[in-house]
Amino acid sequence: MSTVKDQRECGKLAHCGQAWRRYLAWQSSFIVKESQSLSLIKNLPFEWLVGIRYTRAGKRSGRNSFISFISLISMAGIGLGVAALIVVLSVMNGFQKEVRDRMLSVLPHIEVFDASGTMQDWQRVAKQTFQNKEVIGAAPYVSAQALMTRDEEVHGVAIRGVLPEEEPKVSDVASKMVDGALTDLKPGEFGIVLGIELARTLHVVRGDKVTVIAPQGQVTPAGVLPRLKQFTVVGIFSAGHFEFDSSLAFIHIADAEKMFRLDAPSGVRLRIKDMLQAPQVAYQLSRTLNGNYYLRDWSQQNSNWFAAVKTEKRMMFIILTLIVAVAAFNLVSTLVMTVTEKQADIAILRTLGASPGSIMKIFVIQGALVGLIGTALGMLFGVVVALNVDVIVPFIERMLGVQFLSKSIYVISELPSDLIWSDVWTIGGVAVVLAFLATLYPSWAAARVKPAEALRYE
């Protein structure tokens, strides 16, 4: 009900006479007709009915149409911002997943190694790890650094000694071979498998010889001399990741032990069912394995890269959220214009008994509906685009005659996308909250409209 003060002010308008009563009757009948025509929502409170009515396009004046147009622009802005955020984060997730999968094609999910540098009883340790149901593969390895030379080319490499018949249990190197086979590594023959970029740098092909220089020196009467060993290239692999393709080489584990003067493997490499659970599984194994062992999962081996990607995603989310915020706060100007245009309606509702809280609720509902509809459309559009990036991007490339990703530069030629639904719901929630916050001030201003002043010149 209106306050005593408002009733006193409205009493000052008695001079409006018949014009005022006709206006009041017309507005009241219009609201009733609107509520009756919306059969699906006729049982809703009147704040919802009026808020929905204000959301739809007005037909009484050009100004109403302009306000409705601004509402549509605000709705479209929110939708486009939400869609852009979903698509960009999906593409970034796709790149991260693509690079991660290529890295893990040659990296183990978990490494177990002894503090002494060698693991004498690796078979026992491997057997213990299988007590954890997540572990599905185990294989020994030797890891060392060396220099590799051919003619005048010198390159630093990571040497990994493996058992060719066991390696497929923990990595995909065998399936990444582009020349030769991993099983061509035989003990005592000193064969070597090189990454494709490393082979190009050294200008070697299968059958050529390369020289490996171990960091440990050899003491002779003439002084300390470097230990050299000539290896035969028996295969070339391509992991699709430049770092590994340009600096990684595989040899037989027996040859690695001789070359680096070891009497046992360096440790055991493990593969688990879900690579994303590697940190948790590594922690569980550290509590169950008997012995002085260190464990390292794949995320720790590349912590700098993953930290950089995580920071980049966070900053991209913040930047694109600002775009959504700009679109959401366009609702402020839209609602302010609506409040100015609807002051007479607000005054009539107040005289009919609507409280300031009800008036505020009407405009909150109007702005929230615009935000919800825009967010829903943006989420739908963003999800559709993110799920079909592999179709949309090639179509655009063919239409424009360009190539966005050159395989010679980016290794991959197709734009990857990985839609994560938790990101979608987070983006939608942020957009709705921003739209709701944008409605508060105009709604508060509407609740402060004084009926007598609003109707003075009607």
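Residues numbered from 1 in each chain as written. Predicted model: local features only at pLDDT ≥ 70, side-chain atom pairs only at ≥ 80, totals over all residues. Heavy atoms only, no water.

Looking at this model, I keep getting lost on the overall build of the chain. Mind explaining?
Looking only at helices and strands, the chain has 17 helices and 10 strands in total. Partitioning the intrachain contacts of the chain with sequence separation of at least 6 by distance along the chain shows that 80% fall at a separation of at least 24. Of the roughly 23,500 Å² of accessible surface on the chain, 60% is carried by carbon and sulfur atoms. (Helix = DSSP H or I, 4+ residues; strand = E, 2+ residues; numbered from the N terminus. Contact = heavy atoms within 4.5 Å. Areas by Shrake-Rupley, 256 points an atom, 1.4 Å probe, with all protein chains shown as cover.)

How do you make sense of the pattern of salt bridges when you look at a structure like this?
It is possible for side chains of opposite charge to pair when their charged atoms get near one another. Scanning the entire structure with this criterion turns up 11 salt bridges. Ionic pairing is found between Glu166 and Lys169, a salt bridge with its closest N-O pair at 2.8 Å. A relative accessible area of 21% places Glu166 in the partly exposed class. Among the charged side chains, a network of salt bridges with common partners joins Arg150, Asp151 and Asp208. (Salt bridge = Lys/Arg side-chain N within 4 Å of Asp/Glu carboxyl O. Buried < 20%, exposed > 50% of the residue type's maximum accessible area, 1.4 Å probe, protein only.)

Explain the nonpolar core to me, please; I cannot follow it from the model alone.
Buried together is how nonpolar side chains tend to be arranged in soluble globular proteins. In terms of nonpolar packing, the biggest core is built from 64 residues, with Ile110, Val112, Met148, Ile159 and Ile192 touching the most fellow members. A total of six residues in this core trace back to one element, the largest contributor, which is strand S2 (residues 135-150). Dropping the residues within four chain positions of it, Ile110 is found in contact with Val268, Arg269, Leu270, Ile272, Ala278, Val281, Ala282, Leu285, Leu295, Arg296 and Asp297. Residues Leu320, Ala327, Met379 and Leu434 belong to the second largest nonpolar core, which totals 24 residues. (Core = buried A, V, L, I, M, F, W, Y, C linked by side-chain atoms within 4.5 Å.)

Looking at this model, I keep getting lost on a nonpolar patch on the surface. Mind explaining?
Among the surface-exposed residues, Phe329, Val433, Phe436, Leu437 and Leu440 lie close enough to one another that they form a single nonpolar patch of about 410 Å² accessible area. Structurally, Leu437 can be placed in helix H16 (residues 421-447). (Patch = residues over 30% accessible without salt bridge, like charges linked within 9 Å, V, L, I, M, F, W, Y side chains within 5 Å.)

Would you mind going over the pairing of strand S3 (residues 153-162) with me for this structure?
Within a regular strand, the side chains alternate between the two sheet faces. Of the pairings in the sheet, the one linking S2 to S3 comprises 10 bridges and is antiparallel in character. Within the sheet, the bridge partner assigned to Thr149 lies in S3 and is Val154. Joining the antiparallel neighbours S2 and S3 is a turn of two residues, in which Asp151 adopts a positive phi near 55°. The pairing of S3 with strand S8 (residues 248-252) spans five bridges and is parallel. Bridge pairing in S8 places Ile159 opposite Ala249. (Pairing = 2+ DSSP bridges.)

Any chance you could explain unusual backbone geometry here in plain terms?
Excluding glycine, a negative phi dihedral is what most residues carry, and trans is how most peptide bonds are arranged. Phi is positive for His203, which is not a glycine, with a value near 60°. Checked against the element boundaries, His203 lands in the loop between helix H6 (196-202) and strand S6 (209-220). Non-glycine residue Arg261 carries a positive phi angle of around 55°. With respect to the secondary-structure elements, Arg261 resides in the loop between helix H8 (253-259) and strand S9 (267-272).

It is not clear to me how the side chain of Glu167 should be interpreted in this structure. Could you clarify?
Among the structural elements, Glu167 can be located in the loop between S3 and strand S4 (177-180). A polar side-chain atom of Glu167 sits 2.8 Å from a polar atom in the side chain of Ser171. In contact with Glu167, other than residues within four places in its own chain, are Val162, Leu182, Phe250 and Arg269. (Polar contact = N/O pair within 3.5 Å; in protein donor to acceptor, adjacent residues only side chain to side chain.)

Sorry, what's going on with the packing of helix H13 (residues 356-387) against H16 here?
Angle between the axes and distance between the axes are the two parameters that describe a pair of packed helices. As a packed pair, H13 and H16 sit with axes 8 Å apart at the nearest point and diverge in direction by 155°. The orientation of H13 with respect to H16, classified from their angle, is roughly antiparallel. The two elements H13 and H16 cross, and the hand of that crossing is right-handed. (Axes fitted to C-alpha atoms, helices over the stretch in contact; angles between N-to-C directions. Parallel < 35°, antiparallel > 145°, perpendicular 65-115°, else oblique. Left-handed = near helix turned anticlockwise from the far one by under 90°.)

Can you help me understand helix H14 (residues 389-400) in this one?
Two residues of an α-helix separated by three or four positions point the same way, owing to the 3.6 residues in each turn. The terminal C-alpha atoms of H14 lie 16 Å apart, and with 12 residues this matches the ideal 16 Å at 1.5 Å per residue to within 8%. Buried within H14 we find Val389, Val393 and Glu397. All buried residues of H14 lie within an arc of 60° about the axis, which places them on one face of the element. Residues of H14 that are exposed and point more than 90 degrees away from the buried face comprise Val391, Arg398 and Met399. Its buried side turned inward, H14 meets H13. Immediately beyond the C-terminal end of H14, within one or two residues, lies Gly401, with a positive phi of roughly 70°. (Expected span 1.5 Å × (residues − 1). Arc of directions from axis to C-beta.)

Would you mind showing me how to read the confidence of the model for the chain here?
Segments scoring low in pLDDT should not have their predicted coordinates read at a detailed level. For the chain, per-residue confidence averages 79 on the pLDDT scale, and 79% of positions sit at 70 or higher. This model gives residues 1-20 a pLDDT under 50, and the stretch forms 16 contacts once residues within four places in sequence are excluded. Every residue in residues 22-41 scores below 50 in pLDDT, and together they form 22 contacts with partners more than four places removed in sequence or on other chains. (pLDDT = per-residue confidence, 0-100.)

Help me understand the side chain of Thr375 in this model?
Assignment of secondary structure puts Thr375 in helix H13. Not counting residues up to four positions away in its chain, the partners in contact with Thr375 are Ile78, Val82, Gly428, Ala431 and Val432.

Sorry if this is basic, but what is going on with the environment of Val309 here?
By the element assignment, Val309 lies in helix H11 (residues 303-341). Residues Val309 and Asn93 lie 216 residues apart in sequence; the distance between their C-alpha atoms is 9.4 Å.

Help me out: how do you make sense of the packing of aromatic side chains in this one?
Describing an aromatic ring pair means giving the distance of the ring centres and the angle of the ring planes. Scanning all chains against the criterion turns up five aromatic pairs. Arranged with centres 5.4 Å apart and planes meeting at 75°, the rings of Phe190 and Phe231 form a pair that is edge-to-face. Pair noted here: Phe190 is in the loop between S4 and strand S5 (191-195) and Phe231 is in strand S7 (residues 223-237), with a separation of 41 residues, a long-range link. We classify Phe190 as buried; its relative accessible area is 14%. Looking at Phe231, the relative accessible area reads 1%, which means it is buried. Stacked on the ring of Phe190, the Lys or Arg Lys229 has its end atom at 4.2 Å from the ring centre. (Phe/Tyr/Trp six-rings, centres within 6.5 Å; stacked < 30°, edge-to-face > 60°. Lys NZ or Arg CZ within 6 Å of the ring centre and 35° of its normal.)

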